[in-house]
Amino acid sequence: KALSIDPNHAAALINMAMIDQARGDRDSALQRLRKVVARNTDYAEAHLNLGSLLGSMKKHDEAIQHLSKAVELNPKRTVAYLNLAGAYMETQQWVKAEELYRHAQTLSPDMPYPHYGLGALQARQAHHADAVVSFRKAISLGGSNPQTYTQLGLSLSALGEKPAAVEAFQTALKLDPQHAGAKRALRENGFPVE
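Here's what I pulled together on the structure shown here. Just so we're clear, the structure is a prediction, and the values are computed from it rather than from any experiment.

Reading the values: rules and limits
- Residues numbered from 1 in each chain as written.
- Predicted model: local features only at pLDDT ≥ 70, side-chain atom pairs only at ≥ 80, totals over all residues.
- Heavy atoms only, no water.
- Helix = DSSP H or I, 4+ residues; strand = E, 2+ residues; numbered from the N terminus.
- Expected span 1.5 Å × (residues − 1).
- Buried < 20%, exposed > 50% of the residue type's maximum accessible area, 1.4 Å probe, protein only.
- Arc of directions from axis to C-beta.
- Contact = heavy atoms within 4.5 Å.
- Phe/Tyr/Trp six-rings, centres within 6.5 Å; stacked < 30°, edge-to-face > 60°.
- Salt bridge = Lys/Arg side-chain N within 4 Å of Asp/Glu carboxyl O.

### Looking at helix α11 (residues 162-175)
The end-to-end C-alpha separation of α11 is 20 Å, in line with the 20 Å expected for 14 residues at 1.5 Å each. Within the span of α11, buried status applies to A165, V166, A168, F169, A172 and L173. Seen end-on, α11 carries its buried residues on one side only, within an arc spanning 160 degrees. Summarising the geometry of α11, the exposed residues directed more than 90 degrees from the buried face are P163, E167 and K174. On its buried face, α11 is in contact with α10 (146-158) and α12 (180-188).

### What about the packing of aromatic side chains?
Counted by the stated rule, this structure contains one aromatic pair. Between Y116 and F135, the ring centres sit 5.6 Å apart and the planes meet at 50 degrees, which makes this aromatic pair tilted. Of the two residues, Y116 sits in helix α8 (residues 112-124) while F135 sits in helix α9 (residues 128-140), which places them 19 residues apart along the sequence. Here Y116 falls in the partly exposed class, since its relative accessible area comes to 23%.

### Topic: the environment of R34
Looking at the element boundaries, R34 is found in helix α3 (residues 26-39). For R34, a relative accessible area of 33% corresponds to the partly exposed category. Along the backbone, R34 and T148 are 114 residues apart, and their C-alpha atoms lie at a distance of 33 Å. Residues contacting R34, with those up to four places away along its chain left out, are L50, L54 and E62.

### Focus: the pattern of salt bridges
Tallying each qualifying case throughout the model produces five salt bridges. Across the pair E45 and R77 runs a salt bridge, and its minimum N-O distance is 2.6 Å. One end of the pair, E45, is in helix α4 (residues 44-56); the other, R77, is in the loop between α5 (60-73) and α6 (78-90), with 32 residues separating them in the sequence. Judged by its relative accessible area of 30%, R77 falls in the partly exposed class. Ionic pairing is found between R124 and E90, a salt bridge with its closest N-O pair at 3.0 Å. Placement of R124 in helix α8 and of E90 in helix α6 is noted, with a sequence separation of 34 residues between them. A relative accessible area of 41% places R124 in the partly exposed class.

From the geometry alone we can't say anything about function, so treat these as descriptive.
Below, the structure is given as structure tokens:
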């Protein structure tokens, strides 16, 4: 209805793009978000949504452009730093990704996601001792989910701490008995999966 009154209404277009994305129609979402950004170049939320969508589509270089603009326009938005850090991580720009995860930790010290992201970055660089600390911090802040426990277990396993790794994988399976990553990790470590 809002778009019938104003076909260029930025908030309505963003909301419709999110609906398109939820329905699996990324192309339509992308088209709507590009329209918003073209008409509202200083709208941080539009850049954030467009950059996040592009990142999910593995178009990381373009995602970095829009997420960087979102951070520039709204430097207090933690999710923009997290998504930008993720895009840098996917393009193996480790230093930039780490700086952004650490800045997100400063902005939102009680949020588990910056610690999880930093742990994932550290694990990808084979800095498993640091990754264990980051994953445990994420868990202590409420990031108690199967993925975090699985990643913790993988880093513990890489450090040779098999009993602690198995415990982490089993915790992941208690949270989600069908978690494929935890099941695979247990099998790869020579333990039966029930």
